[in-house]
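Coordinate analysis (summary)
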Amino acid sequence: MSHSFDMYQTLGIATVVLLFGTWLRNKVGILRKFCIPAPVVGGLLYALLMVVLYAAAGIEFEYDDTIKNICMVVFFTSVGFQANVKILKEGGLSLLIFLGIVIGLIFAQNGLALGIAKLIGVDLKVGLSTGSIPMIGGHGTAGAFGPILEDFGFAGATTVCTAAATFGLVAGSLMGGPVAQHLIRKKNLMDTEISEDAEALAAEEMKHHHEPGKYAAATYQLAIAMGLGTVISWLLSLTGMTFPVYIGAMIVAAVMRNIGEHSRRIHIQMGEINDLGGIALSLFLGIAMITLKLWQLAELALPLVILLVAQTVLMFVFARYVVFILMGRDYDAAVLSAGICGFGMGATPNAMANMQAVTEKYRPSVKAYLLVPIVGSMFADFLNSLVITMFINMV
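Residues numbered from 1 in each chain as written. Predicted model: local features only at pLDDT ≥ 70, side-chain atom pairs only at ≥ 80, totals over all residues. Heavy atoms only, no water.

1. A closer look at the overall build of the protein
The condition that has to hold: Per the convention used, a helix needs a DSSP run of H or I reaching at least four residues, while a strand needs a run of E reaching at least two, with both numbered from the N terminus. Type-normalised accessible area, obtained with a 1.4 Å probe on protein chains alone, sets the label of each residue: buried when under 20%, exposed when over 50%, and partly exposed for intermediate values. Computed with a 1.4 Å probe, the accessible areas rest on the Shrake-Rupley method; for each residue, only the protein chains presented here act as cover.
Broken down by element type, the protein carries 18 helices and two strands. In the protein, which comprises 395 residues, the share counted as buried stands at 52%. Counting only carbon and sulfur atoms, one obtains 66% of the accessible surface of the protein, whose full area is about 17,300 Å².

Here's what the structure looks like:
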């Protein structure tokens with residue numbers, strides 16, 4: 001038995017779940033201790049309740065995710081407004097290093113998937129269905145490449161890719177906060193001094209005032225960037241390459257921010273834009289979590305469970321040792337470790353939620369908040385598609 005909720009009902013349910021997750025996170029110390037995002041807390045409990053209803057009575061709900069997509073674009077537009085050229089210049093080398101790390105992760109995920117698949121004697125295409133397609137790629141890439149694997153003879157590839165992406169979404173969200181928490185405490189990173197450059201950049205971004213009367217102007221600026229962004233996205237699509245729907249809005253927002261910074265004729269309401277972006281992120285994750293169908297994971301055969309567990313172990317080791325060490329062994333590196341767990345096993349919004357949970361408890365990380373959205377949204381999907389295509393041709 002199935003019942004559908006329209007977009008308004010979906011938004012209402014997601015908001016209640018989000019508020020419940022916030023309340024529960026405030027009440028249960030271990031959730032705060034390990035920096036588990038509130039949308040994940042409430043959303044996972046809701047998803048488990050749906051599993052019980054599905055198993056006991058065959059009840060299944062369908063949701064209209066229109067508002068989820070709008071919230072995603074609003075959030076990434078707010079991220080685009082953070083692209084201050086002055087800060088990007090400071091993060092140039094770090095950006096290249098982090099991009100190289102992500103490329104290494106893409107190859108590692110696919111290499112591990114093929115290696116484990118060969119070891120346990122399953123079709124290599126089954127292995128690829130648990131590699132970077134659902135991990136770095138998330139549900140979007142899973143939906144795009146699943147049919148391609150089916151064309152190559154793997155029946156049900158789309159379902160397996162989607163289920164693996166669901167697993168990654170949950171695992172990455174649960175892992176990120178604890179990884180950063182462990183690093184910060186073990187390495188006493190809160191006792192270390194912030195570098196002079198990082199302190200100046202943090203001050204630059206934190207100086208923005210929050211005034212109730214300015215939220216309307218901030219909303220208008222977001223709307224203008226989103227509207228003009230559709231034109232940029234259309235122009236980019238003419239190249240024949242596939243870009244995320246929000247990429248045009250991010251570009252326009254970045255241009256607006258830097259015109260404002262350098263001309264002093266446009267005042268960008270950064271404090272209010274950041275607040276609105278944070279609200280959009282929470283709602284996006286709330287809707288994404290309530291739409292999870294965890295019973296899809298129960299239908300996975302044992303080999304697929306082994307493959308997914310292997311990806312989880314890889315992500316932990318990669319975040320704990322590779323990302324933390326190569327990005328400088330400091331507080332920013334710990335926050336980046338939480339972030340890569342999010343988009344390395346799910347999606348960039350999950351990465352941002354992981355980092356948000358950590359920085360709310362400790363202190364802001366300007367470097368992490370710049371590098372993860374830029375690499376995760378602008379480069380990762382494009383590079384991942386190229387590498388996936390190469391691996392598919394190999395098998």
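Next, the rest of the story.
2. Re unusual backbone geometry
Residues other than glycine seldom take positive phi values, yet N188 does so here, at roughly 50 degrees. By the element assignment, N188 lies in the loop between α9 (157-186) and α10 (196-206). When its relative accessible area of 45% is taken as the criterion, N188 is described as partly exposed. One non-glycine residue, R329, lies in positive phi territory at about 60 degrees. For R329, the location among the structural elements is in the loop between α15 (302-326) and α16 (331-344).

3. Examining α15
Structurally, the α-helix is built with 3.6 residues per turn, so residues lying three or four positions apart point the same way. For clarity, the threshold we go by: Helices are assigned an expected span. That span is 1.5 Å times one less than the residue count. A residue's bend is given by the angle between axes fitted to the 7 residues ending at it and the 7 residues starting at it. In what follows, residue pairs with any heavy atoms lying within 4.5 Å of each other are defined as contacts.
With 25 residues, α15 ought to run about 36 Å at 1.5 Å a step, and its terminal C-alpha atoms sit 35 Å apart, in line with that. In α15, a bend of some 35 degrees at F318 exceeds every other bend along the element. Turning to α15, its buried residues number three or more, namely L304, L307, L308, A310, Q311, L314, M315, F318, A319, R320, V323 and F324. Residues of α15 that are buried make contact with α6 (92-120), α7 (124-128), α9 and α16.

4. Quick notes on the packing of helix α1 (residues 7-27) against helix α3 (residues 38-57)
Filter applied, for reference: A fitted line through C-alpha atoms represents every axis, and for helices the fit uses only the stretch in contact; the resulting angles, taken between N-to-C directions, go from 0 to 180 degrees. Put simply, angles under 35 degrees are roughly parallel, angles over 145 are roughly antiparallel, angles from 65 to 115 are roughly perpendicular, and the rest are oblique. The handedness criterion is simple: a crossing whose near helix is rotated anticlockwise from the far helix by less than a right angle is left-handed, and one whose near helix is rotated clockwise is right-handed. For this classification, the nonpolar set comprises Ala, Val, Leu, Ile, Met, Phe, Trp, Tyr, Cys and Pro, the charged set comprises Asp, Glu, Lys and Arg, and every other residue, Gly included, is treated as polar.
At a minimum axis distance of 7 Å, the contact between α1 and α3 shows a crossing angle of 115 degrees. It follows from the interaxial angle that α1 and α3 lie roughly perpendicular. Between α1 and α3 lies a crossing whose hand is right-handed. Residue-level contacts link I13, V17, L18, F20, G21, T22, L24 and R25 of α1 to A38, P39, V41, G42, G43, L45 and Y46 of α3. Residues that form the contact of α1 with α3 fall into these classes: 10 nonpolar, four polar and one charged.

5. Remarks on the nonpolar core
For the record, the criterion: Nonpolar cores are built from buried Ala, Val, Leu, Ile, Met, Phe, Trp, Tyr and Cys residues. Side-chain atoms within 4.5 Å join them into one set.
Counting residues in each nonpolar core, the largest one holds 105 residues, and the members touching the most others are F81, F98, V102, M315, I340 and F343. Ranked by residue count, the leading element in this core is α9, at 11 residues. Those residues in contact with F81, other than ones at most four positions away along the chain, are Q221, L222, A225, A253, A254, M256, R257, I268, M270 and I273. Counting residues in each nonpolar core, the second largest holds eight residues, with V40, A47, V170 and L292 among its members.

6. Observations concerning the pattern of salt bridges
Convention followed: Salt bridges, as used here, are contacts in which a Lys or Arg side-chain nitrogen is within 4 Å of a carboxyl oxygen on Asp or Glu.
On inspection of all chains with the given rule, the structure shows two salt bridges. Notably, a salt bridge pairs D65 with K68, separated by 3.9 Å at the nearest N-O pair. On the accessibility criterion, K68 (16% relative accessible area) is buried. The partner of K125 in a salt bridge is D123, and the shortest N-O contact between them spans 3.5 Å.

7. Quick look at the environment of N69
If you trace the backbone, N69 turns up in helix α4 (residues 66-80). Residue classification places N69 among the partly exposed residues on the basis of a relative accessible area of 34%. Sequence spacing of N69 and F284 is 215 residues, and the spatial spacing of their C-alpha atoms is 7.4 Å.

8. Structural notes on the confidence of the model for the protein
The line we're drawing: Confidence of the prediction at every residue is given by pLDDT, a number between 0 and 100.
Considering every residue of the protein, the mean pLDDT works out to 83; 88% of them sit at 70 or more. No element of the protein has a lower mean pLDDT than α10, at 49, and none a higher one than α15, at 93.

9. Considering the packing of aromatic side chains
As a reminder of what qualifies: Ring geometry is summarised as follows: Phe, Tyr and Trp rings, the Trp one being its six-membered ring, pair when their centres sit within 6.5 Å, and such pairs are stacked at plane angles under 30 degrees, edge-to-face over 60 and tilted between the two. Only when the NZ atom of a Lys or the CZ atom of an Arg is both within 6 Å of the ring centre and within 35 degrees of the ring normal do we say a charge sits over the ring.
For the structure shown, the criterion picks out five aromatic pairs. Taking the centre distance of 5.5 Å and the plane angle of 20 degrees together, the rings of F5 and Y63 count as stacked. On the criterion of sequence distance, the pair formed by F5 in strand β1 (residues 2-5) and Y63 in strand β2 (residues 60-63) is long-range, its members being 58 residues apart. The burial state of F5 is the same as that of Y63; both residues are buried. Through successive ring pairs, a cluster of aromatic residues spans F5, F61 and Y63. Taking the ring centre of Y321 as reference, the NZ or CZ of R320 above it sits at 4.6 Å. Above the ring of Y331, the side-chain terminus of R363 is found at 4.5 Å from the ring centroid.

10. Here's the deal with the packing of helix α11 (residues 215-237) against helix α12 (residues 247-263)
Viewed as axis vectors pointing N to C, α11 and α12 meet at an angle of 125 degrees, and their least axial separation amounts to 6 Å. Between α11 and α12, the angle falls in the class oblique. In the packing of α11 onto α12, the handedness of the crossing is right-handed. Across the interface between the two elements, Q221, I224, A225, M226, L228, G229, I232, S233 and L236 from α11 touch I247, G248, A249, I251, V252, A253 and M256 from α12. Residue composition of the contact of α11 with α12, by class: 12 nonpolar, four polar and no charged.

11. Some words on the side chain of K68
Mapping K68 onto the fold places it in helix α4. Excluding residues within four positions of it along the chain, K68 makes contact with F284, I287 and A288.

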